Amino acid sequence: MRLKLDRDRVISLLYRMRNGFKRGVSRNVSAQKEMAAVEEIFAPLGLSWKSFVETRLSLLNKPPHLLDAVRQGKITYTKAMAIAKIPNEGERKKLLQEAIAQNLSLKTIRKRIQELPNSGDRSASPQARIETTYQHLKAARIWENPAKWERLQHLLTQLEELLTSD
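Residue numbers here run from 1 along each chain, matching the order of that chain's written sequence. pLDDT decides what is reported in this predicted model: residues at 70 or higher carry local features, side-chain atom pairs at 80 or more are listed and counted, and totals for whole chains, interfaces and linings draw on all residues regardless. Side-chain measures were taken over the full set of non-hydrogen atoms in the model, leaving aside hydrogen atoms and water.

Runs of E in the DSSP output that reach at least two residues are strands. Runs of H or I that reach at least four are helices, and both are numbered from the N terminus. Regarding its fold elements, the chain presents nine helices and zero strands. In the chain, the order of α-helices and β-strands from amino to carboxyl end is α-α-α-α-α-α-α-α-α. Surface accessibility in these figures is a Shrake-Rupley result with a 1.4 Å probe; residues are shielded only by whichever protein chains are displayed. Total accessible area on the chain is roughly 11,800 Å²; 54% of this is exposed by carbon and sulfur atoms.

A pair is scored as a salt bridge if a Lys or Arg side-chain nitrogen falls within 4 Å of a carboxyl oxygen belonging to Asp or Glu. On inspection of all chains with the given rule, the structure shows four salt bridges. Measuring nitrogen to oxygen at the nearest pair gives 3.0 Å for the salt bridge that ties Glu89 to Lys93. Note that Glu89 and Lys93 are positioned in helix H6 (residues 89-102) at a spacing of four residues, about one turn of the helix. The rule is simple: take the accessible area with a 1.4 Å probe, protein chains only, and divide by the maximum for that residue type; under 20% is buried, over 50% is exposed, in between is partly exposed. Using a relative accessible area of 43% as the deciding quantity, one classes Glu89 as partly exposed. For Lys93, a relative accessible area of 35% gives the class partly exposed. A salt bridge links Glu98 to Arg112, with the shortest nitrogen-to-oxygen separation between them at 2.8 Å. Here Glu98, found in helix H6, pairs with Arg112, found in helix H7 (residues 106-115); they are 14 residues apart in sequence, far enough to count as distant. Residue classification places Glu98 among the partly exposed positions, given a relative accessible area of 22%.

By nonpolar core we mean a set of buried residues, namely Ala, Val, Leu, Ile, Met, Phe, Trp, Tyr and Cys, connected to one another through side-chain atoms within 4.5 Å. Membership of the largest hydrophobic core comes to 17 residues, with the highest contact counts inside it found for Ile75, Ile83, Leu95 and Ile109. Among the elements of the structure, helix H4 (64-71), helix H5 (77-84), H6 and H7 are those that each provide at least two residues to this core. No other element matches H5, which puts five residues into this core. If you look at the next biggest cluster of nonpolar residues, it comprises eleven residues, including Leu13, Met35, Phe42 and Trp49.

This brings us to a nonpolar patch on the surface. Residues form patches when they are more than 30% accessible in relative terms and have no salt bridge. Like charges link within 9 Å. Nonpolar side chains (Val, Leu, Ile, Met, Phe, Trp, Tyr) link within 5 Å. A contiguous nonpolar surface patch, about 620 Å² in accessible area, is contributed by Trp143, Trp149, Leu156, Leu159, Leu162 and Leu163. As for its position among the elements, Leu156 is in helix H9 (residues 146-164).

All right, on to the side chain of Lys79 then. Mapped onto the elements of the fold, Lys79 is located in helix H5. All tallies of charge rest on Lys and Arg as positive and Asp and Glu as negative; His and the ends of each chain are not included. For the buried Lys79, no salt bridge is present, and the opposite-charge side chain at shortest range is Glu98, 13 Å distant. Working rule for contacts: check all heavy atoms of both residues, and any pair within 4.5 Å makes them a contact. Residues in contact with Lys79, not counting those within four places in the same chain, are Asn103, Leu104, Ser105, Leu106 and Ile109.

Bringing unusual backbone geometry into the picture now. A positive phi angle, near 50°, is found at Asn103, a position not held by glycine. Tracing the sequence through the fold places Asn103 in the loop between H6 and H7. For Asn103, a relative accessible area of 61% puts it in the exposed group.

With respect to the element layout, Asn61 can be found in the loop between helix H3 (49-55) and H4. Asn61 gets classed as buried once you look at its relative accessible area, which sits at 10%. Sequence-distant contacts of Asn61, that is, excluding residues within four places in its chain, are made with Tyr15, Ala139, Ala140, Arg141 and Glu144.

Let's shift gears to H9. In this analysis, the expected span of each helix is defined as 1.5 Å times one less than the number of residues it contains. In a regular helix each residue adds 1.5 Å, so 19 residues correspond to 27 Å; H9 covers 27 Å between its end C-alpha atoms and thus fits that length. Side-chain atoms alone can form a polar contact between residues adjacent in sequence; in general such a contact is a pair of N or O atoms within 3.5 Å, and within protein one must be able to donate a hydrogen while the other accepts it. Residue Asn145 occupies the N-cap position of H9, its side-chain oxygen lying 3.1 Å from the main-chain nitrogen of Ala147.

Fair warning: the whole summary comes from geometry, so function is off the table for now.
What follows is the structure in structure tokens.
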């Protein structure tokens, strides 16, 4: 609200700041003012904007039921991020409910995830792997991160070549 930008523009601004910071890109006066405003907003929170972008911003791309649980203070973001890795929505919601009800530790949550069928299992059916990858891709909103989007475009080109080759 203090930046007078909508949520998507703030997210875009934070990613641009991070990418410019990593590359050492000089900023124009307008960008410097936006960056100063962002730093001013984060100062009283005890968290830098860089840390927020690297660790917490991706939570906004996770399923709404996880995001709601974090917003309501029912679960920490680290636990929600771990649970978000479960591709099956039913299993994900079930573990989220258990984690909240039983106040499961992050270690216990990770252990339960590893115990799930097909958890990180490359022996899952090709159709299941493709569907899981597609769901992760949609949820990640990878197009908002220029570096990852560029890498994904390269991978998609390779995939298209594979599919069209004899």
